[in-house]
Amino acid sequence: MSNAERDAVDAIVVGAGFAGLYMLHRLRQQGLSARIVEAGGGVGGTWYWNRYPGARCDIPSLEYSYQFSDELQQDWEWSERYATQPEILAYANHVAERFDLLPHIRFHTRVTAAVYDEAARTWDVTLWERSPDRDSEAESTITTRYLVMATGCLSVPNVPDIEGLDPDAPNVHHTGRWPREGVDFTGKRVGVIGAGSSAIQSIPLIAEQAESVTVFQRTPNYSVPARNRPLDPGEVAAVKARYREYRAENWQRGFGADFRDSDRSAFDVDDDARQREYEDRWARGGLAFLAAFNDLPFDDAANATAQDFIRGKIHEAVDDPALADKLCPTTPVGCKRLCVDTGYYETFNRDHVRLVDLKEEPIERVTPAAVETSAGSYPVDCLVLATGFDAMTGAVTRIDIRGVGGRAPADKWQHGPRAYLGLATAGFPNLFLITGPGSPSVLSNMLPSIEQHVAWISDCIEYLESRQIAAIEASPAAEDAWVDHVNEVADLSIYPKCNSWYLGSNVEGKTRVFMPYLGVPPYVEKCREVVANGYEGFE
């Protein structure tokens, strides 16, 4: 490696997903020199890496899209209610080309370190670049005033620590790092470890190809039908005729999405009316099921009515009652991310699909040809790791970032992430987080949340530039108060009541702390108040 190149720009943005692309666009509009550093070979972030069968968004396409450009949202035509990964990736590429962003992106390049120079009030960012053909590597350093982490909430794959498991083996595929050329499972015996969203989306399609599918499940998840369909031109026209108003209305909802939020308790109606509401939500499909009643995320007894309904639907879908029991969660609906599927439960009626309950027979080791549990050996030709991500913090802590006094986020966050508004963390001046821990992020429609954060960061940088302020950072007192508030709100809900990636429970050794903030409208209002009060809580 060489260290011949040393460059300087006003801002470095890490990641070329939707957050990074919009951040770059805003910075360039402000007249600042900015560059995206992206490990992959193209834009798209999550949608560049997650190419597994069945990968698609669980927010309707007409909402999971940018709104900063009215021309863009009017021009782009989505084909389905829930866009597939290829269509979302095509959209990301269109945005990058439309706004001339590609010349300002360094692909195949990772940020390996970032050190804050306290005297100069700048960041020295170390990059490691590998050529597309992997024949050459180079190290370089760029100095920047602003460092923006647009690294995504779900971008660092979580690989389980299992004896003999080689995640780089040619027959092992993590859903979060799927081969660009795809995988042909025809005639193969396939094992799938995991039962979260990527497993629930991919298993029905894998089962259509494979000779056999063995699903290794530790904990079952609730899933509701997607009811995906081609978009009706009349429906699209109706939304686009009042797109701005539609977006504003959704932004006032708890999750920032059109979930048809109810203002009634589950106990404001009798049993028959409650059942009809659940049936209607089930028939329409999608995550709006969780908004059937306003107390489902907060009241155990109300939530139990939704649990019973979904478990009943699982038993209707699965022919074998004992197998249905194993697929039925016992946790509150929503404390793990609610999944959206097409034919997931019905897939287990196929003769060549079987379920292994890892609570009854844990995996002991993986060999090149089998998964071995405490009860036996299951031959596999291919192994799919649908084991999720080191969510919300992994992409930041894996980089050797050194702030004031040489402190690293990995050290500061060892007992759980600490950030003010999910936008900044004390001790790291001019380092901004997009949809970081302590913001609604994964409990919201991510695209509007990304746009809100990017706009806030852009306005903050403009504030600093116009006043010739060299640096800004969150105060420890404001950060502590916000972290306490995030946990107080979470403790009023069902979310901390089961092990989930919301708490980091899926990653061995990670401290169990609830990371996102529950409630879009109060969060947005708090961000506005901070700015109105002269960036209150920053110093």
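Refer to the preceding data block for the structure.
Values in this document were obtained by computation on a predicted structure and should not be read as measured data.

Caption draft 1: Focus on the overall build of the chain. Helix and strand content of the chain: 16 helices and 18 strands. Taking 2.2 N^0.38 as the reference for a compact globule, 539 residues should give roughly 24 Å; the C-alpha atoms of the chain span a radius of gyration of 23 Å, in line with that estimate. A principal-axis box enclosing the C-alpha atoms of the chain has dimensions of 70 × 55 × 45 Å. Residue burial in the chain is summarised as follows: out of 539 residues, 59% are buried. Long-range pairs, those at least 24 residues apart, make up 70% of the contacts in the chain between residues at least 6 apart in sequence. With an accessible surface of roughly 21,700 Å², the chain has 47% of that area assigned to carbon and sulfur atoms. Each charge class in the chain was averaged separately, 52 positive and 79 negative side chains, and the resulting centres sit 1 Å apart.

Caption draft 2: Here's a closer look at the pairing of strand β5 (residues 122-130). Here strand β4 (residues 109-117) pairs with β5 via eight bridges, running antiparallel. The residue of β5 that forms the bridge with Ala-114 is Val-125. Note that β5 and strand β6 (residues 137-149) share eight bridges and pair antiparallel. The partner of Glu-129 across the bridge, within β6, is Ala-138.

Caption draft 3: Structural view of helix α14 (residues 446-466). With 21 residues, α14 should cover 30 Å at 1.5 Å per step; its first-to-last C-alpha distance of 30 Å lies within 8% of that length. Summarising burial for α14: 16 of the 21 residues are buried, a large majority. Where α14 ends, the next residue or the one after it, Gln-468, has phi of about 55°, a positive value.

Caption draft 4: Expanded view of the sheet that holds strand β7 (residues 172-174). The sheet built from five strands is open, its strands ordered β7-β16-β8-β9-β12 with parallel pairing. Two strands close off the open sheet at either side, each with one partner strand: β7 and β12 (353-357). Neighbour-to-neighbour, the strand axes of this sheet turn through a mean angle of 20°, independent of strand direction. Summarising the sheet, β7 and strand β16 (residues 382-385) pair through three bridges and their orientation is parallel. When the sheet's bridge partners are listed, His-174 is paired in β16 with Leu-385.

Caption draft 5: Looking closely at the pattern of salt bridges. Inspection of the entire model under this criterion finds 32 salt bridges. In this structure, Lys-240 engages Glu-77 in a salt bridge whose closest nitrogen and oxygen atoms are separated by 3.2 Å. Residue Lys-240 is located in helix α6 (residues 233-240), and its partner Glu-77 is located in the loop between α3 (70-75) and α4 (85-98); the two are separated by 163 residues in the primary sequence. Taking relative accessible area as the criterion, Glu-77 reaches 51% and is therefore assigned exposed. Members of the salt-bridge network, linked through shared partners, are Glu-163, Glu-364, Arg-365 and Glu-372.

Caption draft 6: Structural detail: the nonpolar core. Within the largest apolar cluster, 145 residues are counted, with the highest numbers of intra-cluster contacts made by Phe-18 and Trp-456. Counting residues in hydrophobic clusters, the runner-up holds 22 residues, among them Val-111, Ala-419, Leu-431 and Ala-471.

Caption draft 7: Spotlight on the packing of aromatic side chains. What the rule picks out here adds up to 36 aromatic pairs. Both rings, one in Tyr-463 and one in Tyr-535, keep their centres 4.6 Å apart while their planes meet at 50°; by these two values the pair is tilted. Placement of the pair is Tyr-463 in helix α14 and Tyr-535 in the segment after α16 (520-532), with a sequence separation of 72 residues. Aromatic pair Tyr-495 and Tyr-502: ring centres 5.9 Å apart, planes at 70°, arrangement edge-to-face. For the pair Tyr-495 and Tyr-502, a shared accessibility class is recorded, and that class is buried. Linked through ring pairs, Phe-18, Tyr-22, Trp-47, Tyr-64, Tyr-66, Phe-68, Trp-76, Trp-78, Tyr-91 and Phe-99 together constitute an aromatic cluster. Positioned above the aromatic ring of Tyr-48 is the side chain of Arg-51, whose terminal nitrogen or guanidinium carbon lies 4.9 Å from the ring centre.

Caption draft 8: Molecular detail of the side chain of Thr-347. With respect to the helices and strands, Thr-347 occurs in helix α11 (residues 344-347). Excluding residues within four positions of it along the chain, Thr-347 makes contact with Ile-203, Pro-204, Ala-207 and Val-353.

Caption draft 9: Main features of the environment of Phe-289. For Phe-289, the position within the fold is in the loop between α8 (271-284) and α9 (300-317). Separated by 29 residues in sequence, Phe-289 and Arg-260 have C-alpha atoms that sit 9.1 Å apart. What Phe-289 contacts, discounting residues up to four positions off in sequence, is Val-224, Tyr-278, Arg-281, Trp-282, Leu-296, Ala-306, Phe-309 and Ile-310.

Caption draft 10: Local environment of the sheet that holds strand β15 (residues 377-379). The antiparallel open sheet is built from three strands, whose spatial order is β13-β14-β15. Two strands close off the open sheet at either side, each with one partner strand: β13 (363-367) and β15. Pairwise comparison of adjacent strand axes, ignoring direction, gives a mean angle of 20° for this sheet. As paired strands, strand β14 (residues 370-373) and β15 are joined by three bridges and run antiparallel to one another. Note on β15: the bridge partner recorded for Ala-370 is Pro-379.

Caption draft 11: View of unusual backbone geometry. Notably, Met-392 is not glycine yet its phi reads approximately 70°, a positive angle. Mapped onto the elements, Met-392 comes out in the loop between β16 and α12 (394-397). For Met-392, a relative accessible area of 6% gives the class buried. A positive phi angle, close to 50°, is found at Thr-435, a residue other than glycine. Note on placement: Thr-435 falls in the loop between β18 (431-433) and α14. By relative accessible area, Thr-435 is classed as buried at 4%.

Reading guide: rules and limits
- Residues numbered from 1 in each chain as written.
- Predicted model: local features only at pLDDT ≥ 70, side-chain atom pairs only at ≥ 80, totals over all residues.
- Heavy atoms only, no water.
- Helix = DSSP H or I, 4+ residues; strand = E, 2+ residues; numbered from the N terminus.
- Rg over C-alpha atoms; globule rule 2.2 N^0.38 Å.
- Buried < 20%, exposed > 50% of the residue type's maximum accessible area, 1.4 Å probe, protein only.
- Contact = heavy atoms within 4.5 Å.
- Areas by Shrake-Rupley, 256 points an atom, 1.4 Å probe, with all protein chains shown as cover.
- Lys, Arg positive; Asp, Glu negative; His and termini not counted.
- Charge placed at Lys NZ, Arg CZ, Asp CG, Glu CD.
- Pairing = 2+ DSSP bridges.
- Expected span 1.5 Å × (residues − 1).
- Axes fitted to C-alpha atoms, helices over the stretch in contact; angles between N-to-C directions.
- Salt bridge = Lys/Arg side-chain N within 4 Å of Asp/Glu carboxyl O.
- Core = buried A, V, L, I, M, F, W, Y, C linked by side-chain atoms within 4.5 Å.
- Phe/Tyr/Trp six-rings, centres within 6.5 Å; stacked < 30°, edge-to-face > 60°.
- Lys NZ or Arg CZ within 6 Å of the ring centre and 35° of its normal.

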